[in-house]
2 protein chains.
Amino acid sequence: MEKYRLYFNENQSKYLQLAVHIKELIDENQVNDGEKLPSIRELAEFLMVNKVTVINAYKKLHQEGYAQQKMGSGTFAKKKEVGRSFRKDYSDTFKKLTSGQLKNVIDFTGETTSSNFFPVRDLKTVLNDVLDRDGAEALIYQHVLGYEKLRKTINNKFWEGRTDIEDILIVSGAQQGIDIASKALINVNDNVIIEKPTYGGALSVFKWRRANIFEVPLESDGVNLIELEKILKKNKVKCFYLMSYFQNPTGISYSYEKKKEILRLAKEYDFYIIEDDYLSELVYDENIKYTTFKNIDINDRVIYIKSFSKIFLPGIRIGYLITPKRFREAFQNSKVNTDISTSSLMQRALEMYIDKDYWIGHIDFLNKEYKIRYNYMKCLLEEKLKEFVSFSYPGGGLHFFLKINEKLDVSSLQLFYILKERNILITPGIMFFKNSKEGERYFRIGFSQTNCDKIEEGINSIYEILKERENKL
Amino acid sequence: MEKYRLYFNENQSKYLQLAVHIKELIDENQVNDGEKLPSIRELAEFLMVNKVTVINAYKKLHQEGYAQQKMGSGTFAKKKEVGRSFRKDYSDTFKKLTSGQLKNVIDFTGETTSSNFFPVRDLKTVLNDVLDRDGAEALIYQHVLGYEKLRKTINNKFWEGRTDIEDILIVSGAQQGIDIASKALINVNDNVIIEKPTYGGALSVFKWRRANIFEVPLESDGVNLIELEKILKKNKVKCFYLMSYFQNPTGISYSYEKKKEILRLAKEYDFYIIEDDYLSELVYDENIKYTTFKNIDINDRVIYIKSFSKIFLPGIRIGYLITPKRFREAFQNSKVNTDISTSSLMQRALEMYIDKDYWIGHIDFLNKEYKIRYNYMKCLLEEKLKEFVSFSYPGGGLHFFLKINEKLDVSSLQLFYILKERNILITPGIMFFKNSKEGERYFRIGFSQTNCDKIEEGINSIYEILKERENKL
């Protein structure tokens, strides 16, 4: 009880002081996660305050996620997630960035193509053409699967007509695709496998769905199969979420052999693969051949997710799923429950954009531009940072994933804050691990929002900071 | 065991025949919901078939939702929901309707304004103005809350500046609003109250969230408060989903007194109100005063949901939420997990549309048009159908809710199928009740997609059918 002792000052209300005091106890592990706090009566008597003071303090702790009230059995301490305050800082930084409050930033965090490359004029053309052609028709609800002509065009242009358009479901971006898949497939306490590390947005969805999450470490050509099978042998797994190309954050692509083997395991252990086909349009290394899991999936075990937002226009929020036949109805219901259907005007505009081959021209253009940046960043990383960090070569996509050498006494979180002072933004690795702590030595830097000059300036800064740390050793 | 006896024919694989047989047993209640099916070995021996046949039959039953496999304890029968085959027919009908396969239909099912009234030209103007003004800026990700200027305009035009724009969250339509609220507030087995009957799309969301759902019957001025408090006294309730104006399907609006009382109960019993403000722009009865729960909510207990799609353009998929301050973060996280953010171009277009008062002009126009249809339908219902059905007068919105008199031997499902043969579409009441059976005597007819001629033709048909039924008695 003694640790709750507190001498109140007179400038602030007592309940606030008490709440702050208990928060500190929790943050400093003097009160453990899940530990019962003293009863209201007890604590009020001990501190010689009114009961209402304790009630209000507990209420405040509860509101801020530091305590849990269980009916009839009291109040319990709740440890805040590691990195929680960082996540807030990170999201606040982006709020400032998108609202234009931050100027002259070197933004290495971007996950989508640069707005400098947006085909605004072409989009305007197709929007007007669609409204002229379809009139009010362009603005009614579509069928839940989405605009039929768009599904046909996707099938013809991207799948050589081999897909059943009734299996294609238009969604409002890849994030919604993951959410819809999760609702359709996963129940509370179902087992889900993810790559380690993985995309934080997917991790959140599975956590919110209250699934049991297993991580399998990534190697240079995909996940470690021995670890994967170990999990499969011990647990009935519902699905495995993976990114087949230029994985976020590692940049890894799966080898053909690993794809085949994982598909075989899917059949043997009766699980499904959620394939997030991420940025696979951007390939700079000619040795990389494009074959998705879905392409070689003979047992209808793959839920394929594709975003048009990342590569094309983030603001249009369109992507699509290809679902196994047996889940067709479940996915449609999941979509209807989520938001009925995706913006019909945008679907029509996108259809025309792809059909008239604006799309392919745009992708060619992006490949040329980003290949230059990719090579530029690659050279600078080799030249400047090789002694401080290790990394591999994705050969495509929009970023590199770096690991700070063990000998340097700096975490990627610290690096984030130091760089932020210099108006440089990176993404610390803790965003990509189920257990945030494991990501402390990693960070991701992307070149989508930075031209070559900025890439150079930013990497020079990182070099200076790490060099300084080395000298301190 | 004897009921499982089956004589196989040679034209079809045995496992399929066995699956069909067991499905019939379940449908006909010879096998009850939750009843354990015979073990694989037992049934294989009894039917003198290979074990694989039984395994495959059970797998098929499982896939089709007729059986549940519980690890280590066998396979159990699962009764399909009442009206399930109807739901499929209903959704197939709409698929045909939206794809243009059904012609000359009298569509009484519409929930959104008619495409004849869509302001296509004005929308085109604002879209082009936005793209000219903002360029690529219009197509980047927004902050998760949505385009700041749109939130400001909503606050100024609809809330007299009284709302904090940080509490406004732009969503992709009201359905997404309900989904996001449900993810942010409701855990598995939490208690949720709904109106009886209620909007089927909300019911589905809460079911998918695996909440415990309590229904409170509606009276002419809102739910029955005695029944409401009975539930609150016995159960810790998390939230109450309601529609304050022209409820879907009943058309009921809440009295000021009931609103006040429900807000008081929310504070007393510590629950939240999810207010779906549905079509409240369309008011034909001057006695109806517009005051939302949110407007008179002094304890920050209301989650307010507004759709722009229903009244404006279904295809644009935009709406907004106003969240209580204490849930701000939870709602933002829920939105990010769901689809990151809503189409930015459409948000900007809508902002300009509202700001330049196209919006208010459009609403005035719709009010005039729909008031004519409302009164026309009202007169015809009184004139033709009063002896067969009972109903009340919403005084606004886009539909009437009718109850077939007990003396007539026809359910609204039967009526649906008979009318469908005549190319007339209605919405049977079973869509709006947790227990579908309770809706069998109700149906909803709306006038959003039908001009006065069609209203007359349709109601005449309903009259003929019911008259014929009466004569048969």
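Residues numbered from 1 in each chain as written. Chains lettered and ligands numbered in written order. Predicted model: local features only at pLDDT ≥ 70, side-chain atom pairs only at ≥ 80, totals over all residues. Heavy atoms only, no water.

A. Spotlight on the overall build of chain A. Looking only at helices and strands, chain A has 15 helices and 16 strands in total. Computed over its C-alpha atoms, the radius of gyration of chain A comes to 25 Å, within 12% of the 23 Å expected for a compact globule of 473 residues. Principal-axis analysis of the C-alpha atoms gives chain A an extent of 75 × 55 × 50 Å. By the burial criterion, 56% of the 473 residues in chain A qualify as buried. As presented, chain A carries roughly 19700 Å² of accessible surface, and 47% of it is formed by carbon and sulfur atoms. Of the side chains in chain A, 72 bear a positive and 66 a negative charge, and the two mean positions are spaced by 4 Å. (Helix = DSSP H or I, 4+ residues; strand = E, 2+ residues; numbered from the N terminus. Rg over C-alpha atoms; globule rule 2.2 N^0.38 Å. Buried < 20%, exposed > 50% of the residue type's maximum accessible area, 1.4 Å probe, protein only. Areas by Shrake-Rupley, 256 points an atom, 1.4 Å probe, with all protein chains shown as cover. Lys, Arg positive; Asp, Glu negative; His and termini not counted. Charge placed at Lys NZ, Arg CZ, Asp CG, Glu CD.)

B. Quick peek at the relation of the copies chain B and chain A. Least-squares fitting of chain B to chain A yields an RMSD of 0.4 Å, with the superposition described by an axial translation of 0.2 Å and a rotation of 179°. With respect to symmetry, the two chain copies, as superposed, fit the operation of a two-fold axis. Taken together, the interface assignments show that 100% of the residues at the interface of chain B recur at the interface of chain A, consistent with an identical surface on both copies. (Least-squares fit on C-alpha atoms with pLDDT ≥ 70 in both. Contact = heavy atoms within 4.5 Å.)

C. Main features of unusual backbone geometry. Cis geometry marks the peptide bond from Lys196 of chain A to Pro197 of chain A, where omega comes out at 0°. Structurally, Pro197 of chain A can be placed in the loop between β5 (191-196) and α8 (200-208). Of note, Arg210 of chain B is a non-glycine position whose phi angle comes to about 60°, a positive value. A positive phi is found at Asp357 of chain B, a non-glycine position, where the angle reads about 60°.

D. Local environment of a negative patch on the surface. All names here are of chain B. Together, Glu382, Glu383, Asp453, Glu456 and Glu457 make up a region of like negative charge exposed at the surface. Mapped by element, the contributors of at least two residues to the negative patch are α13 (358-385) and α15 (452-472). At three residues, α15 tops the list of elements feeding residues into the negative patch. With respect to the helices, strands and loops of the structure, Glu456 is situated in helix α15. Taking relative accessible area as the criterion, Glu456 reaches 31% and is therefore assigned partly exposed. (Patch = residues over 30% accessible without salt bridge, like charges linked within 9 Å, V, L, I, M, F, W, Y side chains within 5 Å. Salt bridge = Lys/Arg side-chain N within 4 Å of Asp/Glu carboxyl O.)

E. Structural context of the environment of Arg348 of chain B. All names here are of chain B. Counting through the fold element by element, Arg348 comes out in helix α12 (residues 344-355). Residue class for Arg348 comes out buried when judged on its relative accessible area of 7%. Counting along the chain gives 201 residues from Arg348 to Tyr147, while the straight-line C-alpha distance between them is 7.1 Å. If we ignore the near neighbours within four places in the chain, the residues touching Arg348 are Val130, Asp134, Glu137, Ala138, Gln142 and Tyr147.

F. Spotlight on the interface of chain B and chain A. In this complex, chain B contributes 57 residues to the contact, which on the side of chain A involves 57 residues. Summed over both partners, the interface of chain B with chain A buries about 5000 Å², with 60% contributed by carbon and sulfur atoms. Along the contact surface separating chain B from chain A lie four salt bridges. A salt bridge links Asp132 of chain B to Lys124 of chain A; its shortest N-O distance comes to 2.4 Å. One can count 21 residue pairs in polar contact (both at pLDDT 80 or more) joining chain B with chain A. Elements represented by at least two residues in the side of chain B that touches chain A include exactly α4 (84-98), α5 (120-134), α7 (174-185), α8 (200-208), α11 (328-339) and α12 of chain B. With eight residues, α11 of chain B is the single largest residue contributor to the side of chain B that touches chain A. Within the side of chain B that touches chain A, the residues separate by chemical class into 23 nonpolar, 21 polar and 13 charged. (Buried area = accessible area lost by both parts, 1.4 Å probe. Polar contact = N/O pair within 3.5 Å; in protein donor to acceptor, adjacent residues only side chain to side chain. Nonpolar A, V, L, I, M, F, W, Y, C, P; charged D, E, K, R; others polar.)

G. How the structure looks around the pairing of strand β11 (residues 319-322) of chain A. Residues and elements named next belong to chain A. The two faces of β11 match: Gly319 and Leu321 on one face and Tyr320 and Ile322 on the other face are all buried. In this structure, strand β10 (residues 302-307) lies alongside β11, joined through four bridges in antiparallel fashion. Note on β11: the bridge partner recorded for Ile305 is Leu321. (Pairing = 2+ DSSP bridges.)

H. Highlighting the pairing of strand β8 (residues 237-242) of chain B. All names here are of chain B. In terms of burial, β8 is largely enclosed, as five of its six residues are buried. Of the strand pairs in this sheet, strand β5 (residues 191-196) and β8 are connected by four bridges, and their pairing is parallel. Within the sheet, the bridge partner assigned to Ile193 lies in β8 and is Phe240. Two strands pair when backbone bridges link them, and β8 and strand β9 (residues 272-277) are joined in this way by four bridges, in the parallel orientation. Looking across to β9, one finds that Cys239 is bridged to Tyr272. Of the crossover connections in this fold, the one passing from β8 over helix α10 (residues 256-268) to the parallel β9 is right-handed. (Right-handed = clockwise from strand over helix to strand, strands pointing away.)

I. Fine view of the domain arrangement of chain A. Residues and elements named next belong to chain A. Here chain A is described as being made up of domain 1 (2-77), domain 2 (84-110 + 361-472) and domain 3 (136-359). Here the C-alpha centre of domain 3 lies 27 Å away from the C-alpha centre of domain 2. Summed over both sides, the interface of domain 2 with domain 3 buries roughly 2300 Å², with 58% coming from carbon and sulfur. When the area that domain 2 buries against domain 3 is broken down by residue, the three leading residues are Ile363, Phe432 and Lys434, summing to 26%. Applying the counting rule to domain 2 against domain 3 returns one salt bridge. (Domains from an automatic or database assignment.)

J. Representation of the pattern of salt bridges. Residues and elements named next belong to chain A. All chains considered together, the criterion is met by 72 salt bridges over all chains. One salt bridge connects Arg162 with Glu160, and the closest N-O pair in it is separated by 3.4 Å. The class of Glu160 is exposed, set by a relative accessible area of 65%. In this structure, the salt-bridge partner of Arg441 is Glu406, at a minimum N-O distance of 3.6 Å. Pair noted here: Arg441 is in the loop between β15 (427-428) and β16 (442-446) and Glu406 is in the loop between β13 (399-404) and α14 (412-421), with a separation of 35 residues, a long-range link. Relative accessible area serves as the criterion here: at 56%, Glu406 is assigned to the exposed category.

K. Representation of the sheet that holds strand β12 (residues 389-391) of chain B within the structure. Residues and elements named next belong to chain B. Here we have four strands laid out as an open sheet, ordered β12-β13-β16-β15, and antiparallel in their pairing. The two strands at the open ends of the sheet, each matched to only one other strand, are β12 and β15 (427-428). Relative to strand β13 (residues 399-404), α13 is tilted by about 15°, and along the sheet it contacts β12, β13 and β16 (442-446). (Axes fitted to C-alpha atoms, helices over the stretch in contact; angles between N-to-C directions.)

L. Representation of helix α6 (residues 148-159) of chain A within the structure. Here α6 of chain A contains twelve residues, and its C-alpha end-to-end distance of 15 Å stays within 8% of the 16 Å for a straight helix at 1.5 Å per residue. Within α6 of chain A, burial applies to Leu150, Arg151, Thr153, Ile154, Asn155 and Trp159 of chain A. (Expected span 1.5 Å × (residues − 1).)

M. Here's a closer look at the nonpolar core. Formed by 258 residues in total, the largest nonpolar core has its most connected members in Phe206 and Ile445 of chain A together with Phe206 and Ile445 of chain B. Each residue touching Ile445 of chain B, except ones within four places of it in the same chain, is listed here: Phe108, Met377, Leu381, His399, Phe400, Leu402, Ile426, Ile459 and Ile462 of chain B. (Core = buried A, V, L, I, M, F, W, Y, C linked by side-chain atoms within 4.5 Å.)

N. Geometry of the packing of aromatic side chains. Residue and element names in this part refer to chain A. Evaluation of the coordinates by the stated rule reveals 66 aromatic pairs over all chains. Consider the rings of Tyr272 and Phe327, whose centres lie 4.7 Å apart with planes at 70°: the pair is edge-to-face. Placement of Tyr272 in strand β9 (residues 272-277) and of Phe327 in the loop between β11 and α11 (328-339) is noted, with a sequence separation of 55 residues between them. When its relative accessible area of 9% is taken as the criterion, Tyr272 is described as buried. Between Tyr370 and Phe447 the ring centres are 6.2 Å apart and the planes differ by 50°, which places this aromatic pair in the tilted class. (Phe/Tyr/Trp six-rings, centres within 6.5 Å; stacked < 30°, edge-to-face > 60°.)

O. Fine view of empty space enclosed by the protein. For the structure shown, the criterion picks out nine cavities of 30 Å³ or more. Taken as a whole, the largest cavity holds about 90 Å³ of empty space. The wall of the largest cavity is formed by 15 residues, among which Ser172 and Ser343 of chain A together with Ser172, Arg317 and Ser343 of chain B lie closest to the centre. In terms of residue class, the lining of the largest cavity is made up of three nonpolar, eight polar and four charged. (1 Å grid on protein atoms, 1.4 Å probe; cavity = no way out; pocket = protein on both sides within 12 Å on 5 of 7 lines; lining within 4 Å. Points joined across faces, edges and corners; volume = space filled by probe spheres on them.)

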